[in-house]
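Here is what each chain is made of, one letter per residue.
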Amino acid sequence: MMGKQIHLNGFVQNSPSPHSTGLWKHEKNHSRYHNRLSYWVDVAQTLEKGKFDAVFIADVLGTYSVYQNSYKPAVKNAVQIPAHDPLLPISAMALATKHIGFAVTISTTYAQPYALARQLSTLDHLTEGRIGWNIVTSYLESEAINLGLKSRLPHDLRYERADEFLDVVYKLWEHSWEDDAVTLDIAQDAFADPDKVHEINHEGAFFSVPGPHIVEPSPQRTPVLFQAGASPKGKRFAAKHAEAVFTKHHSLDALKIYSNDIRTLAKEYGRNPDDIKIFPLVLPIVGSTEEEAIAKYEELKSHVSYEGTLALLSGHTGIDFSTYNPDDYIVDMETQAMQGNLDLYGKDPNKKWTLREAVLNHGLGNGTVKFIGTPEQIADKLEQWATEGDVDGFNIAFAYSPGTFREFVDYVVPELQKRGIYRKEYEAGTLRENLFGKGHVYLPDNHHAKKLSLAVK
Ligand SMILES: Cc1cc2nc3c(=O)[nH]c(=O)nc-3n(C[C@H](O)[C@H](O)[C@H](O)COP(=O)(O)O)c2cc1C
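Note that this is a predicted model, so its numbers are computed, not measured. (Residues numbered from 1 in each chain as written. Predicted model: local features only at pLDDT ≥ 70, side-chain atom pairs only at ≥ 80, totals over all residues. Heavy atoms only, no water.)

Q: Describe the site of the ligand, naming the residues involved and giving the relevant values.
A: Taken together, 22 residues sit near the ligand, with D59, H155, Y159, A228 and S231 positioned nearest. In this structure, Y159 approaches the ligand through a side-chain N or O atom, which is 2.7 Å from an oxygen atom. Residue assignment for the shell around the ligand shows that the elements contributing at least two residues are β2 (54-58), β4 (131-136), α6 (155-175), β10 (244-247) and α11 (339-346). When its residues are assigned to classes, the shell around the ligand shows ten nonpolar, eleven polar and one charged. (Near = heavy atom within 4 Å. Polar contact = N/O pair within 3.5 Å; in protein donor to acceptor, adjacent residues only side chain to side chain. Helix = DSSP H or I, 4+ residues; strand = E, 2+ residues; numbered from the N terminus. Nonpolar A, V, L, I, M, F, W, Y, C, P; charged D, E, K, R; others polar.)

Q: Can you lay out the nonpolar core for me, pointing to particular residues and giving the numbers?
A: Core analysis: the biggest nonpolar cluster contains 76 residues, and W133, F394 and F408 have the highest contact counts within it. The greatest single-element share of this core, amounting to nine residues, is contributed by α6. (Core = buried A, V, L, I, M, F, W, Y, C linked by side-chain atoms within 4.5 Å. Buried < 20%, exposed > 50% of the residue type's maximum accessible area, 1.4 Å probe, protein only.)

Q: Quick one: what's the story with the packing of aromatic side chains, residue by residue and with numbers?
A: Applying the stated criterion across every chain, the model contains 16 aromatic pairs. The interplanar angle of 45° and the centroid separation of 5.9 Å between the aromatic rings of W133 and F165 together place this pair among those described as tilted. Placement of the pair is W133 in strand β4 and F165 in helix α6, with a sequence separation of 32 residues. The exposure class assigned to W133 is buried, which follows from its relative accessible area of 0%. Of the aromatic side chains, those joined through ring pairs into one cluster are F11, F56, F226, F246 and F279. Across from the ring centre of W353, 4.8 Å away, lies the NZ or CZ of K351, which sits over that ring. The ring of Y329 is capped by K352, whose NZ or CZ atom sits 4.1 Å from the centre of that ring. (Phe/Tyr/Trp six-rings, centres within 6.5 Å; stacked < 30°, edge-to-face > 60°. Lys NZ or Arg CZ within 6 Å of the ring centre and 35° of its normal.)

Q: How would you explain the pattern of salt bridges if you had to name every residue and give the values?
A: A complete count under the given rule lists 27 salt bridges for this structure. In this structure, the salt-bridge partner of E307 is K76, at a minimum N-O distance of 3.9 Å. Of this pair, E307 sits in helix α10 (residues 306-317) while K76 sits in helix α2 (residues 72-76), placing them 231 residues apart in sequence. Here K76 falls in the exposed class, since its relative accessible area comes to 61%. Linking E383 and R419 is a salt bridge whose minimum nitrogen-to-oxygen distance equals 3.0 Å. Of this pair, E383 sits in helix α13 (residues 375-388) while R419 sits in the loop between α14 (403-418) and α15 (431-436), and the two are 36 residues apart along the sequence. Here E383 falls in the partly exposed class, since its relative accessible area comes to 29%. Judged by its relative accessible area of 26%, R419 is partly exposed. Each of D380, E383, E415, K418 and R419 takes part in a single network of salt bridges with overlapping partners. (Salt bridge = Lys/Arg side-chain N within 4 Å of Asp/Glu carboxyl O.)

Q: Any details on the UniProt feature "domain: Luciferase-like" (unreviewed entry) in the protein? Residues and values, ideally.
A: Under the UniProt annotation, the feature "domain: Luciferase-like" (unreviewed entry) is placed at residues 30-388. Summarising residues 30-388: 41% helix, 14% strand, and an end-to-end C-alpha distance of 35 Å. (UniProt positions renumbered as here; feature names shortened; annotations may be inferred.)

Q: Report on the environment of E388, specifying residues and quantitative values.
A: Counting through the fold element by element, E388 comes out in helix α13. Remark: the alpha-carbon pair of E388 and R36, spanning 352 residues in sequence, is separated by 40 Å. Beyond its immediate sequence surroundings of up to four residues, E388 is in contact with L252 and K256. (Contact = heavy atoms within 4.5 Å.)

Q: Describe in detail the packing of helix α8 (residues 252-268) against α13, supporting the description with residues and values.
A: α13 packs onto α8 with a crossing angle of 35° between their chain directions and a minimal axis gap of 9 Å. Considering only the axes of α8 and α13, their crossing is right-handed. Residue-level contacts link L252, L255 and K256 of α8 to Q384, W385 and E388 of α13. Grouping the constituent residues of the contact of α8 with α13 by class yields three nonpolar, one polar and two charged. (Axes fitted to C-alpha atoms, helices over the stretch in contact; angles between N-to-C directions. Left-handed = near helix turned anticlockwise from the far one by under 90°.)

This is the structure:
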């Protein structure tokens, strides 16, 4: 019998060393060249060689200025600054590849649904159906004050805005243009049938959008919906909307709780528990022997910047850790930033974390679990987490890019394939089909988006 099939995404950002703080210095890290198309093509082709589902491009729109109430430590240590635009490299990567998808991060707190729907429809056309959207609500105060707000919207209000935002884009993507609206009827001198292109007339608490959508339906209509909610409100949001969720844990126990929550909540929204693909983040550190892998881990840690990681962790959690002693414990607290990131340390069922320990951990792979060992040992761990953690695959983080990905693709992927738990070829053309199987081009009928109807004026 074939084992459970694993899916993979590569976790990147348009920044020199986004998820391993200080690793811009590492001689193998080409992410320093994120400002060149050749870097992005290299990343996409490497991941496609390894039959990954998608390049997952994270993004923030502001600086990590919680620490010491200043952006300067972040700038000095390249803590997600420079932060270039995540959308713009995608066309070049798409042209240089055939199958791999692109899940791009855009914030519902700062974008406008009408314009975002247009951008993603355009990219879904250009990539022939390979676009996914990582829906985020944003956590940095510095984003808010540069983007027209006096301060960051409260956590739960951000999710309320996101919920309505999605209704607007669903109406534009799914309901504005009928399937046969574009007629290309030369005899009637009609490009499209205007009676089949509808206004959406959306009126709500946050948005008023009459429509119609100004892009004809793209191959997938709605891009594949990715999300990473970890708070109670965030998990409900994911259960209602997401087709795939990203998550970050250090322990299998914590992961089990998360995946059980998501799958249980999905049912409350009339969905099947496995309609949502779950992808925990993992940093793989591979060696030809276990000792070599451990030595490599030590070498990588020596490049991590302590101060830079304090800035990263302060931004992720919304807590200015410059006021803490390194030996202080991180306790369970509420935050208006990313509750899930604070809970990694404040609510770990297996361990109490001091600030120093948390910083050392957070500096490599954004604080996620590291699988360190031979290709066989890493494959064992992936298989164990997939089965016992009830997840569908992994989001692969890097220490240096595309080197971490290349090593994974050359050594771990063949091991997964040998075990019959990973594809040898792509199944189909669109991102949704690669995730859910051939023929699954569109959102399924039990998804909330399909149930919306348009107001007629
Ligand atoms: C693997 C992973 C990647 C994420 N990428 C981004 C990102 O690129 N931009 C962003 O603003 N938030 C990102 N987030 C944060 C989530 O969107 C979300 O805000 C976070 O998980 C906290 O959710 P919560 O507030 O419901 O706890 C990411 C989270 C995870 C786990």
